Structures are given as C-alpha cells and as structure tokens.
Amino acid sequence: MKNVFIFLLCIVSPLFADTAKFASQTDLVGDLSDALLNGIYRYHPGYGQCCFDPCGSEPNFWLQGFGSYRNRDQKSTRGCYDEWFGGILGGVGTSLSSNRHLNFFVGGSWGEIEIDQESSNIDTDSILFGMTFEQMCDSHFIGFAFASGILTEKRHFKGIKEEPQGIFLSPELTYSSCFHCFCAPSVVTATLRYAGFFSRDYQAREILGTLYVKERCIQLLTLRGELIPFLFDKRCFYLAPYLGLAGRFQVDGNEVKGHLILDDIHLSDNLDCSIGYGFVGIRSSRQCGCLCLQLNLEGSYDTDKSGRLLGEFSVNYIY
C-alpha cells in the first residue's frame, strides 16, 4: 500500500505543489526587502540629503510609510496572482562624526496575496526592526543597512487556514559616487542585497491531504545598478529621476521539505531561480522649517512577465 501511495504522489506532485502559492512567498520576501531598503538612507547623495545638515550631531526623528504592488499575469511561469502590502517605520538617527551617521528603526507591514487560479487569498503581516550606517567621503558614499523581523502568512482556502511563520532577514551594502555629466551633477549606485525567510513546521492542505512542511527556506541575492542622470537641487527642493537594471538570484527556496501520507518528500516548484528587471523612478524631497518630506516612487518589469510598483514617503523632524 505504501508503494501505491508513493507512486500516486509522483504522478500528481506537480499538481500538489501549488506553484503560485510557493512562488508568491519568494516574491513577497524580495519585495518586502526592496520596499524597506530602497529609501532607508538619510544622507545618500541621491536620496535628497539636502534636507539634512551633514555636519550636524543632534539626533533626528522620522516616520516612513512604504508599500508595494505586484501583478503576475497568466503568462508567468510562477502563476497568476496579485500581491500588495503597506507598512510604516519609525526611526531615530544620530551622527557619529561629520561624515558618519547611524539610524535605528522599528515598524511593521500588512498586506494580501490573491491567487487567481484557486480563488484563495493569503493575508501577510510582519514586525520589523533594523539599523543603517552611512559614511560619506568627498564624492563617495558607503551605506550598510540591516532589517529583520517576523513574517507571517495566513492562507484562507475553502475553510482551510495555513499560517506559515518565520524569520525575515535582509542586509545590504550600497556604494555611490557623484560626478558631473554635461555640467549637471549625476550619481551612480551599486547595491548588493540579501533577503532570507526561514519557516518551519506548518501544515499545507491540498489535493492528497495535508502536507506537513518541515522546512521552507528562501534565500535571495539582488544585484542592483542605478543611475541618476541629473539632480535638480534648488534651495529647499530636490528632484532626482533615476533608472537602472537589477538581477534577483534565488540561491535557496526552490524546494519544500515536508511529510505527506507515509513518507518524507521534497517538492520542487521547477521554476527558474533567477529573474532580471529594469526599473525607472523618481525621488523628491522638500524642507519646510524643521520638517523634511521625502518621496520615492519606482516602477519595474521583470523577465517573468511581472510588473511592480513600490514607494516610500517619509517625514523627518530635524533639530
């Protein structure tokens, strides 16, 4: 009897391994990392640092809202679904010297994934914390950021509730250089970003019954290159359009380890582990007395038929 079950599992496992459900987890982890960290620096030369006194040593306080929306259409190998989330961060920053700065922040996010094929939805939420270190040297900038927390999903499907929960980690390293092109200041930026999600011991109920997931580890590396062709900086107003290319490489997480019926199984979603995407965006900031307002909007389209919009808006109180 055991052999019959194993044979049946081998036949229908591609159907059992819901591509959209598992692939959407990967997108959620990558998008949460990007939305958190794309606008997290306060003194980056391309992020509207004109609102901050580079020689100041007093702390500043800030609130930042962030969000992302992604749509994968029916032509995507990962399935057809919509994924969105929004969140808020609160932070405090201080200067170690005239060119070194620290920030600490806490916050959270909430959102939803709607999977078209099975008419199900997944609620998502997270609790987040992290820090940034920024150093400027003449026309060069080096930034290190780290975000972590707890990420939870709650899937609702025909009376079934699944609640995978795990640890979210996302450090990054950014280097930028300013130069003049056609008599206008420009900025080129390179970023190496990691995003990881580690969950264990939850139930996923599908065609053959209940899959007891022992382990689901998602690990992503993103290489991002960005160019700001010109900066518009006039008194208390700052505007910077930008464009670039990025690659997201999945180094782990293309397989789900669990227990079904009578045996341990490894289910693969058989997806390409990497995608590339191009993006365009605009950053702007405006200083009004002790308040500095910052805005970042970005749109992208990747090689697996998916479009994404993300953005951040922050209010900074400066001494």
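What this report covers is the structure whose coordinates are included nearby. What you see is a predicted model, and the numbers here were worked out from it, not measured in a lab. (Residues numbered from 1 in each chain as written. Predicted model: local features only at pLDDT ≥ 70, side-chain atom pairs only at ≥ 80, totals over all residues. Heavy atoms only, no water.)

Observations regarding the overall build of the protein
For step 1, the next point in the chain: Looking only at helices and strands, one finds two helices and 16 strands in the protein.
For step 2, the next point in the chain: The 319 residues of the protein split such that 52% are buried.
For step 3, the next point in the chain: Sequence separation of at least 24 residues holds for 65% of the intrachain contacts in the protein that already meet a minimum separation of 6.
For step 4, the next point in the chain: Carbon and sulfur atoms make up 64% of the accessible area of the protein, which amounts to about 14300 Å² in all. (Helix = DSSP H or I, 4+ residues; strand = E, 2+ residues; numbered from the N terminus. Buried < 20%, exposed > 50% of the residue type's maximum accessible area, 1.4 Å probe, protein only. Contact = heavy atoms within 4.5 Å. Areas by Shrake-Rupley, 256 points an atom, 1.4 Å probe, with all protein chains shown as cover.)

Let's talk about the pairing of strand β11 (residues 237-252)
For step 1, the next point in the chain: The pairing of strand β10 (residues 232-234) with β11 spans three bridges and is classified as antiparallel. Its bridge partner lying in β11, Lys234 is registered against Phe237.
For step 2, the next point in the chain: Hairpin remark: β10 followed by β11, antiparallel, with two residues in the connecting loop; positive phi at Arg235, about 55°.
For step 3, the next point in the chain: Pairing of β11 with strand β14 (residues 274-288), which is carried by 13 bridges, proceeds in the antiparallel orientation. (Pairing = 2+ DSSP bridges.)

Topic: empty space enclosed by the protein
For step 1, the next point in the chain: Overall, the coordinates contain seven cavities of 30 Å³ or more when judged by the stated rule.
For step 2, the next point in the chain: A volume near 110 Å³ is recorded for the largest cavity.
For step 3, the next point in the chain: Elements with a minimum of two residues in the lining of the largest cavity: β14, β15 (291-302) and β16 (306-317).
For step 4, the next point in the chain: In terms of residue class, the lining of the largest cavity is built from four nonpolar, six polar and two charged. (1 Å grid on protein atoms, 1.4 Å probe; cavity = no way out; pocket = protein on both sides within 12 Å on 5 of 7 lines; lining within 4 Å. Points joined across faces, edges and corners; volume = space filled by probe spheres on them. Nonpolar A, V, L, I, M, F, W, Y, C, P; charged D, E, K, R; others polar.)

Quick notes on the environment of Ala35
For step 1, the next point in the chain: As for its position among the elements, Ala35 is in helix α2 (residues 19-37).
For step 2, the next point in the chain: With relative accessibility at 0%, the residue Ala35 sits in the buried group.
For step 3, the next point in the chain: Placed 31 residues apart in sequence, Ala35 and Phe66 show a C-alpha to C-alpha distance of 6.2 Å.
For step 4, the next point in the chain: Ignoring anything within four residues of it in the chain, the contact list for Ala35 reads Phe66, Gly67, Ser68, Phe85, Leu310 and Glu312.

Observations concerning the nonpolar core
For step 1, the next point in the chain: One finds Val29, Leu32, Leu36, Ile40 and Phe66 to be the most contacted residues of the largest nonpolar core, which totals 32 residues.
For step 2, the next point in the chain: Residue assignment for this core shows that the elements contributing at least two residues are α2, β1 (60-72), β2 (81-97), β3 (100-115), β4 (120-137), β5 (140-157), β8 (184-206) and β9 (209-228).
For step 3, the next point in the chain: In terms of residue count, α2 provides more of this core than any other element does, eight residues in total. (Core = buried A, V, L, I, M, F, W, Y, C linked by side-chain atoms within 4.5 Å.)

Quick word on the packing of aromatic side chains
Two aromatic rings are characterised by how far apart their centres lie and by the angle between their planes.
For step 1, the next point in the chain: Under the counting rule described, the total for this entry stands at six aromatic pairs.
For step 2, the next point in the chain: Pairing Tyr41 with Phe141 gives two aromatic rings, centres 5.5 Å apart and planes at 75°, and the pair type is edge-to-face. Residue Tyr41 is located in the loop between α2 and β1, and its partner Phe141 is located in strand β5; the two are separated by 100 residues in the primary sequence.
For step 3, the next point in the chain: We classify Tyr41 as buried; its relative accessible area is 1%.
For step 4, the next point in the chain: Within the aromatic cluster, the residues linked to one another by ring pairs are Tyr242, Tyr277 and Phe279.
For step 5, the next point in the chain: One residue, Arg42, lies across the ring of Trp62, its end atom 4.1 Å from the ring centre.
For step 6, the next point in the chain: Over the ring of Tyr242 we find Arg283; its NZ or CZ atom is 4.1 Å from the centre of that ring. (Phe/Tyr/Trp six-rings, centres within 6.5 Å; stacked < 30°, edge-to-face > 60°. Lys NZ or Arg CZ within 6 Å of the ring centre and 35° of its normal.)

Some details on the pattern of salt bridges
For step 1, the next point in the chain: Within this structure, the stated rule accounts for 16 salt bridges.
For step 2, the next point in the chain: Between Arg70 and Asp31 there is a salt bridge, with its nearest N and O atoms 2.7 Å apart. Within this pair, whereas Arg70 is found in strand β1, its partner Asp31 is found in helix α2, the two being separated by 39 residues in sequence.
For step 3, the next point in the chain: Judged by relative accessible area, which is 1%, Asp31 ranks as buried.
For step 4, the next point in the chain: Note that Glu172 and Arg193 form a salt bridge whose closest N and O atoms lie 2.6 Å from each other. Taken together, the residues Glu172 in strand β7 (residues 165-181) and Arg193 in strand β8 connect sequence positions 21 residues apart.
For step 5, the next point in the chain: Its relative accessible area of 5% is what places Arg193 among the buried residues. (Salt bridge = Lys/Arg side-chain N within 4 Å of Asp/Glu carboxyl O.)

Comments concerning the pairing of β2
For step 1, the next point in the chain: Bridge analysis of β1 against β2 gives 13 bridges, and the strand direction is antiparallel. Bridge assignment links Phe61 to a residue of β2, and that residue is Val92.
For step 2, the next point in the chain: Two elements, β2 and β3, share 16 bridges in a ladder whose sense is antiparallel. Considered in β3, the bridge of Ser97 is made with Arg100.
For step 3, the next point in the chain: Counting the residues that bridge the hairpin from β2 to β3 gives two residues.

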